[in-house]
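Structural description and commentary
In case you want the letters, here they are:
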There are 2 protein chains.
Amino acid sequence: MPTLLDVIHQRYACHEYVAGQLVSASELALLLEAGRLAPSAFGLEPWRFVTVQDEITRAAVAQACFDQPTAATATAFIVIVALVAALDPDSGYVRARFKAEARGEDPASVYEAYRAFYRAETVEGWAQGQCNFAAAHMLLQATHMGLGSCPVGGFDADALASALTLPPGESPALVIALGRCAHPAPQRLRKPMV
Amino acid sequence: MPTLLDVIHQRYACHEYVAGQLVSASELALLLEAGRLAPSAFGLEPWRFVTVQDEITRAAVAQACFDQPTAATATAFIVIVALVAALDPDSGYVRARFKAEARGEDPASVYEAYRAFYRAETVEGWAQGQCNFAAAHMLLQATHMGLGSCPVGGFDADALASALTLPPGESPALVIALGRCAHPAPQRLRKPMV
């Protein structure tokens, strides 16, 4: 077994996948489990994970990602969708999460903090940023299982929402392209530690 | 060695740390290394990590976090700071990152995509969201090393910037409280997988 830092070192953005090498249902299930256990502010888990395996939807997702090579060759996607409308402090979603998080105590103080924090006009970007916690978990889990992966943030949000038939109030945050990577890791580039 | 999903399962938000049990310099170095290797959009790594160990600065950070127990008892912090001003497409920072990422090729197409993406009025929230990639890595690494940790997003940003003497154009994204956790993991709460 490698150490966690080994896995972190091994992860890289794969830009081309081997055609026909599909991602199995059990691999997808482990990726979803890794994402599901990610932390989130206020314990809100403001995400939903949409897996894409069939060829027609894959092509539509790739097109929404401007057919960039990592998307055009991916053999599966997990799209992380931000639950924007659900984050309204008066929603049933927030009520249910806060009730669970309070573990039998009074959730009033969390509500107070959340109401002070919440601003409808910025919540979409904030929720999308929260989705990066889940994404980081999934990308490491993919690496750990020997899968190639690449986070794709450059997409036509309307086209992607349409391809996935997202309801109003949900906003795609990040596409994770998946498959068997066709190329070994390139040389790692990082700015120096300061 | 545990599997990655074991580490993911073991991570939890620690709300109280054992007094006097400090985080060592070598532990902090491994946490920074885990964060440094996180992915980021456009390869921009729009972050800086500020470690806080001395008692006076710790107290100031805790106060900026409204002295919530996880911050008031933490024996170290890593504050992830979003490099907001540096993300201007015409900055030397962006130029240096894109030049490195282009690996000798022409960075013009990345520049074009980034210019189309960049909006000064939303870049702060976006950069803060990117910092969650690095945070997720650090939280898992802390767990892997047996350290307690908790991401803290509720803080007075001005007070925190002042405590860390951040220059203009840098914005605190997330405080990671660290130490030896005083309590075992509580029962895990997550919404059901759908």
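It should be noted that the structure appears before, not after, this text.
Along every chain, residues carry numbers that run from 1 in the direction the sequence is written. Lettering of chains starts at A and numbering of ligands starts at 1, both following the order in which they are written. Two thresholds apply to this predicted model, a pLDDT of at least 70 for residue-level local features and 80 or more for giving and counting side-chain atom pairs, whereas whole-chain, interface and lining totals are computed over all residues. Note that the side-chain values use all heavy atoms of the structure and ignore hydrogens as well as water.

1. A short note on the side chain of Ser 40 of chain A
Residue and element names in this part refer to chain A. Test applied: Secondary structure elements are taken from DSSP: a helix is a run of H or I of four residues or more, a strand is a run of E of two residues or more, and numbering for both begins at the N terminus. Here a polar contact means two N or O atoms within 3.5 Å. Within protein one must be a hydrogen donor candidate and the other an acceptor candidate, and residues neighboring in sequence count only if both atoms are side-chain atoms. Contacts are assigned to residue pairs that have any heavy atoms within 4.5 Å of one another.
When you line up the elements, Ser 40 lands in the loop between helix H2 (25-36) and strand S1 (47-52). A distance of 2.7 Å separates a polar side-chain atom of Ser 40 from the backbone nitrogen of Glu 45. Discounting residues that sit within four places of it in the chain, Ser 40 has contacts with Glu 45, Pro 46, Trp 47 and Gln 130.

2. Observations regarding the environment of Trp 47 of chain A
Formally: When accessible area is computed with a 1.4 Å probe and restricted to protein chains, residues below 20% of their type maximum are described as buried, those above 50% as exposed, and intermediate ones as partly exposed.
Relative to the helices and strands, Trp 47 of chain A is located in strand S1. Its relative accessible area of 2% is what places Trp 47 of chain A among the buried residues. A sequence separation of 36 residues divides Trp 47 of chain A from Leu 83 of chain A, and the C-alpha atoms of the two residues are 5.3 Å apart. Apart from residues lying up to four places away in sequence, Trp 47 of chain A is in contact with Gly 35, Arg 36, Ala 38, Pro 39, Ser 40, Ile 80, Val 81, Leu 83, Gln 130, Cys 131 and Ala 134 of chain A together with Lys 191 of chain B.

3. Concerning the interface of chain A and chain B
We apply this condition: When two parts are put together, the accessible area they lose, computed with a 1.4 Å probe and summed over both, is reported as buried area. Criterion for a salt bridge: a side-chain nitrogen of Lys or Arg within 4 Å of a carboxyl oxygen of Asp or Glu. Note on residue categories: nonpolar means Ala, Val, Leu, Ile, Met, Phe, Trp, Tyr, Cys or Pro, charged means Asp, Glu, Lys or Arg, and polar means any other residue, Gly included.
Chain A puts 45 residues into the contact, and the matching count from chain B is 45 residues. Between chain A and chain B, the buried area comes to about 4200 Å², and carbon and sulfur atoms account for 67% of it. Joining chain A to chain B, the criterion identifies zero salt bridges. Between chain A and chain B we count 22 residue pairs in polar contact (both at pLDDT 80 or more) in total. For the side of chain A that touches chain B, the secondary structure elements donating two or more residues are helix H1 (4-10), H2, helix H5 (92-102) and helix H7 (123-144) of chain A. Looking at the side of chain A that touches chain B, the element that brings in the most residues is H7 of chain A, giving 11 residues. The residue makeup of the side of chain A that touches chain B, split by class, is 26 nonpolar, nine polar and 10 charged.

4. Observations regarding the relation of the copies chain A and chain B
For clarity, the threshold we go by: When the copies are superposed, the least-squares fit draws on C-alpha atoms of residues that have pLDDT of at least 70 in both.
Superposition record for chain A on chain B: RMSD 0.0 Å, screw rotation 180°, translation along axis 0.0 Å. A rotation of that kind, with that shift, is consistent with a two-fold axis. Among all residues of chain A, the one whose C-alpha sits closest to the rotation axis is Gly 129 of chain A, at a distance of 1.9 Å. When the interface residues of chain A are mapped onto chain B, 100% of them again fall at the interface, so both copies present the same face.

5. Remarks on the sheet that holds strand S4 (residues 170-179) of chain B
Residue and element names in this part refer to chain B. Where we set the bar: Being paired, for any two strands, means DSSP has found at least two bridges between them. Every axis corresponds to a line fitted to the C-alpha atoms, with the helix fit spanning only the stretch in contact, and the corresponding angles, defined between N-to-C directions, vary from 0 to 180 degrees.
Sheet architecture is open: four strands sit in the order S1-S2-S4-S3, paired in antiparallel fashion. Of all the strands in the sheet, just strand S1 (47-52) and strand S3 (148-152) have a single pairing partner and so form its edges. In this sheet, adjacent strand axes meet at a mean angle of 20° when their direction is disregarded. Where S1 lies against strand S2 (residues 76-83), six bridges are found, and the strand directions are antiparallel. Residue pairing for S2: Phe 49 is matched across the bridge by Ile 80.

6. A look at the nonpolar core
Stated formally: We define a nonpolar core as any set of buried Ala, Val, Leu, Ile, Met, Phe, Trp, Tyr and Cys residues linked to one another through side-chain atoms lying within 4.5 Å.
Residues Ile 80 and Leu 178 of chain A together with Ile 80 and Leu 178 of chain B are the most contacted members of the largest nonpolar core, which totals 70 residues. If one sorts the elements of this core by residue count, helix H7 (residues 123-144) of chain B sits on top with 11 residues. The contact partners of Ile 80 of chain B, leaving out residues within four places of it in the chain, are Trp 47, Arg 48, Phe 49, Cys 131, Ala 134, Ala 135, Met 138, Pro 172, Ala 173, Leu 174 and Ile 176 of chain B.

7. What about the packing of aromatic side chains?
How we decide: The criterion for an aromatic pair is that two Phe, Tyr or Trp rings (for Trp, the six-membered ring) have centres within 6.5 Å, with stacked assigned to planes under 30 degrees apart, edge-to-face to planes over 60 apart and tilted to the rest.
Within this structure, the stated rule accounts for 18 aromatic pairs over all chains. Every member of this aromatic cluster is reached through a ring pair, and the members are Phe 42, Phe 98, Tyr 111, Tyr 114, Phe 117, Tyr 118 and Trp 126 of chain A.

8. What to know about unusual backbone geometry
Located in the positive-phi region is Phe 66 of chain A, a residue other than glycine, with phi close to 60°. Checked against the element boundaries, Phe 66 of chain A lands in the loop between helix H3 (55-64) and helix H4 (69-73). One non-glycine residue, Arg 103 of chain B, lies in positive phi territory at about 50°. Note on placement: Arg 103 of chain B falls in the loop between helix H5 (92-101) and helix H6 (108-117). For Arg 103 of chain B, a relative accessible area of 43% translates into the label partly exposed.

9. Re the packing of H5 of chain A against helix H6 (residues 108-117) of chain A
Any two packed helices are characterised by the angle at which their axes cross and by the distance between the axes. Residues and elements named next belong to chain A. The line we're drawing: Note on angle classes: values under 35 degrees are labelled roughly parallel, values over 145 roughly antiparallel, values of 65 to 115 roughly perpendicular, and the remainder oblique. Less than a right angle of anticlockwise turn of the near helix away from the far helix marks a crossing as left-handed, whereas a clockwise turn marks it as right-handed.
Remark: H5 packs on H6, axes separated minimally by 10 Å, with the N-to-C direction vectors making an angle of 135°. Classed by the angle they form, the pair H5 and H6 counts as oblique. Of the two elements, H5 crosses H6, and the hand of that crossing is right-handed. Seen from H5, the contacting residues are Val 94, Arg 95 and Phe 98; seen from H6, they are Val 110, Tyr 111 and Tyr 114. Classifying every residue of the contact of H5 with H6 gives five nonpolar, no polar and one charged.

10. Here we look at the state of the cysteines
Residues and elements named next belong to chain A. Convention followed: Here, two cysteine sulfur atoms that lie within 2.5 Å of each other are counted as a disulfide.
Scanning the model with the defined rule gives two disulfides over all chains in all. Residue Cys 14 pairs covalently with Cys 181 via a disulfide, S to S 2.1 Å. Disulfide Cys 14 to Cys 181: torsion about the S-S bond roughly 100°, handedness right-handed. Of this pair, Cys 14 sits in the loop between H1 and H2 while Cys 181 sits in the segment after strand S4 (170-179), and the two are 167 residues apart along the sequence. According to the relative accessible area criterion, Cys 181 is partly exposed, its value standing at 22%.

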